[in-house]
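# Notes for the structure review
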Amino acid sequence: MPYLSQAVAKPYFIAAITLFLVQTVFGLIIGLQYVVGDFLFPTIPFNVARLVHTNLLIIWLLFGFMGAAYYMVPEEAEKELYSPKLAIILFWIFLITSILTILSYVLVPYATLADITNNHFFPTMGREFLEYPTIIKIILFVVMVGFVYNIGITILRGRKTVINLILLTGLTATTVLFMLAFYNPTNPILAKYFWSWIIHLWVECVWVFVMSAILAFVLVKITGIAREYIDKWLYVIVAFALVSGIIGTGHNYFWIGTPSYWQWWGSIFSIFEPFPFFIMTVLAFNMLNSRRQQCLNKAATIWALGTPLMAFLGAGVLGFLHALAPINYYTHGTQITAAHSHLSFYGAYVMIILTIISYAMPMLRGLMANSKTSQMVEIWSFWLMTVSMVFIALFLTAAGILQVYLQRATDTPLSFMVVQNQLALFYWLREIAGIIFLIGLVTYIVSFFVVGKEEKDITR
Amino acid sequence: MSQEGVVQKPASIPGYILAVVAESLYLINLLVLPGLAFLVLAWLYLKYENKYESLSPLAGCHLRQTFSASIWAGLLLILVVWVIFMAGGVNAPYTWVIVILYFTICHFTLVFLGIVGLVKALAGEKFHYPIIGPTS
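Residues numbered from 1 in each chain as written. Chains lettered and ligands numbered in written order. Predicted model: local features only at pLDDT ≥ 70, side-chain atom pairs only at ≥ 80, totals over all residues.

To continue, consider the overall build of chain A. In terms of regular secondary structure, chain A is built from 16 helices and zero strands. Rg of the C-alpha trace for chain A: 22 Å, near the compact-globule value of 23 Å for 460 residues, within the 12% margin. With the C-alpha coordinates aligned to their principal axes, the bounding extent of chain A is approximately 65 × 45 × 45 Å. Classification of the 460 residues of chain A by burial places 52% in the buried group. (Helix = DSSP H or I, 4+ residues; strand = E, 2+ residues; numbered from the N terminus. Rg over C-alpha atoms; globule rule 2.2 N^0.38 Å. Buried ≥ 20, exposed ≤ 12 C-beta atoms within 10 Å, placed from the backbone.)

Written as structure tokens, this is what we have:
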């Protein structure tokens, strides 16, 4: 670890993984509630568990991105972080706020939470993924601005690499787009537009910037290949992400009351959305195939290879499967959407954070790489999590296809709840895959505490 | 931790461009222009069929592999799906479940093999498609 201030990334990584664990547990609770409806009722009803599951996802991914940026930026800029103290202060503010938010979801009815946080003065609550009370949104926004300011000044004062600038662009755009969360029009169509411009422009456009920058950073470090080689590919990836992401987001406007031309624009540009992930996959495999050095950290290498591949499958293939308007007419809002969102979030954003943690955490602990034993445990966690998530997506896809057929495509459609009963087998299978995923995540965490006898040999 | 080096450029290997074009056409056939890209690949294959030795072992290998793999891909993605529909019936919901899951997994696997093939071609190396590529 060449710069001392990179150490501020460590608490962010620890918080991210801890919250990821909680998110997974809540995911299992929801999964079980699909088939055992009164499980944990009324203590944690389905709507609350789902709220926690989806909101925690956004929160811990932001923790992960911040940790990644605090680790990467000083090394890329060849300069200590502008203010490590600010980073630590923002960390505690963000962590305490996040914990309070999640606790309030579980302990207080949502309507009461809206009342006691005076949502009626400045109403922003009630939108999926953005259910946080207004005051929490304000705090989160302040944290994001402080974070972007901190890394932005560091970059401006130091070396400006393509990786750093793309990372900064992605994170600045994330912050700017979050401002739209404070505008909640009463017209539901307008409200959906603005909601899409936060969540969907994040995941389909600007977070692709962040992902590609982190992946490029790790690939340069573990392969030793010249950054000039990866830089030109980064430009191509970013160009595709911009062109396909901004207008391709139109596939989320199909059935919300928008003009019908969006069915054309959304469909056509969605065709190009898998391309950035495809290019990243080719790039990662090509760099590994042509690497100039053997990397001690095999676990990080596997994560770096798996990330673009799973993103291509989850975000690209499963996304395109139902992004065309004539297909989406039948599939929107079904379990096919859930399948796509699970594998795309995992493949694109969860895995990239696990990749950078896998690469950076040993350095942050004063090692070149974890011991072989530790890495073997971590590689097991990679396979457990990745394979089980693929199965979660496949079981949900199967459930979704059946749901579409029984509820929408047949001449004698069944009602929603009747169809849900027909899908129970797939929900049970999904739950089993989810338990294996949890085991994989616990294995991942355990891997950092496994000390092999050879660890002292690779200590710096 | 690492010393950043210089990437080796294997473009000087005879047949490098044709090898990369063949692998690209295989992927384009699967992802963007099904059928049309295969026709171009078939034309290249037939044009250079008897000239492999003079052409280059690299280009010959990738042309043979991608042409064969593309035919297998067509059979796996079209013929097998047709057989499943014939066996299960278009109006049976589980037929759709099987067909869509099969198509997704099969298509992704074929694309993944194509990515590996393209990476090998870019590195100036030969590649043998497992099961669907000719052994000779």
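Right, let's talk about the overall build of chain B for a bit. Looking only at helices and strands, one finds five helices and zero strands in chain B. Element order for chain B, N to C, with α for helix and β for strand: α-α-α-α-α. Counting only C-alpha atoms and orienting by the principal axes, one finds that chain B spans roughly 55 × 50 × 25 Å. Split into buried and exposed, the 136 residues of chain B put 30% on the buried side. Across chain B, the fraction of contacts at a sequence separation of at least 24, relative to all contacts at a separation of at least 6, is 68%. (Contact = placed C-beta atoms within 7 Å.)

All names here are of chain A. Orientation of helix α10 (residues 274–289) relative to helix α11 (residues 298–321), taken along the N-to-C sense of each, is 155°, at an axis distance of 8 Å. Taken together, the axes of α10 and α11 are roughly antiparallel relative to one another. For the element pair α10 and α11, the recorded crossing hand is left-handed. For the pair α10 and α11, the contacting residues are Pro274, Phe277, Phe278, Met280, Thr281, Ala284, Phe285 and Leu288 in the first and Thr301, Ala304, Leu305, Pro308, Leu309, Ala311, Phe312, Ala315, Gly316, Val317, Gly319 and Phe320 in the second. Of the residues contributing to the contact of α10 with α11, the split by class is 16 nonpolar, four polar and no charged. (Axes fitted to C-alpha atoms, helices over the stretch in contact; angles between N-to-C directions. Parallel < 35°, antiparallel > 145°, perpendicular 65-115°, else oblique. Left-handed = near helix turned anticlockwise from the far one by under 90°. Nonpolar A, V, L, I, M, F, W, Y, C, P; charged D, E, K, R; others polar.)

Of note, the bond from A:Phe41 into A:Pro42 is cis; its omega dihedral lies within 30 degrees of zero at 10°. With phi around 55°, A:Asn118 is a residue other than glycine that occupies positive phi space. Here A:Asn118 falls in the exposed class, since 12 other C-beta atoms lie within 10 Å of it. Notably, B:Ile131 is not glycine yet its phi reads approximately 65°, a positive angle. If you trace the backbone, B:Ile131 turns up in the segment after α5 (93–122).

Residues and elements named next belong to chain A. Between helix α2 (residues 46–77) and helix α6 (residues 162–178), the least distance of the axes is 10 Å, while the angle of their chain directions is 150°. With respect to α6, the element α2 is oriented roughly antiparallel. The crossing of α2 and α6 is left-handed. Residues Phe65, Ala69, Met72, Val73, Glu76 and Ala77 of α2 touch α6, and the partners they reach there are Ile163, Asn164, Leu167 and Leu171. Grouping the constituent residues of the contact of α2 with α6 by class yields eight nonpolar, one polar and one charged.

This next bit is on α6(A). Residues and elements named next belong to chain A. If you check α6, its first and last C-alpha atoms are 24 Å apart, about what 17 residues at 1.5 Å a residue would give, namely 24 Å. The complete set of buried residues in α6 reads Ile163, Asn164, Ile166, Leu167, Leu168, Gly170, Leu171 and Thr174. Summarising the contacts, the buried residues of α6 are in contact with α2, α5 (134–157), α7 (188–223) and α8 (227–248). (Expected span 1.5 Å × (residues − 1).)

Residues and elements named next belong to chain B. Scored by pLDDT, chain B has a mean of 89; 91% of the residues are at 70 or more. Of all helices and strands in chain B, the one with the weakest mean pLDDT is helix α3 (residues 52–55) (68), whereas α5 scores best (96). In this model residues 1–8 is a low-confidence stretch, pLDDT under 50, and it forms 22 contacts with partners more than four residues away in sequence or in other chains. Overall fold confidence (pTM) sits at 0.94, and the ipTM for the predicted complex is 0.90. (pLDDT = per-residue confidence, 0-100.)

With that settled, consider the environment of A:Tyr229. Residue and element names in this part refer to chain A. Inspection of the secondary structure puts Tyr229 in helix α8. Given 19 C-beta atoms within 10 Å, Tyr229 falls into the partly exposed group. In this structure, the C-alpha to C-alpha distance between Tyr229 and Met287, residues 58 residues apart in sequence, is 9.2 Å.

So, on to the environment of A:Pro123. Residue and element names in this part refer to chain A. Mapped onto the elements, Pro123 comes out in the loop between α4 (110–116) and α5. For Pro123, a count of 12 C-beta atoms within 10 Å translates into the label exposed. Along the chain, Pro123 and Pro133 lie 10 residues apart, while their C-alpha atoms are 8.6 Å from each other.

Residue and element names in this part refer to chain B. Residue position: Ala121 is located in helix α5. A sequence separation of 110 residues divides Ala121 from Ala11, and the C-alpha atoms of the two residues are 9.7 Å apart. Once residues lying within four places of it in the same chain are set aside, the contact partners of Ala121 are Ala19, Val20, Glu23, His62 and Phe127.

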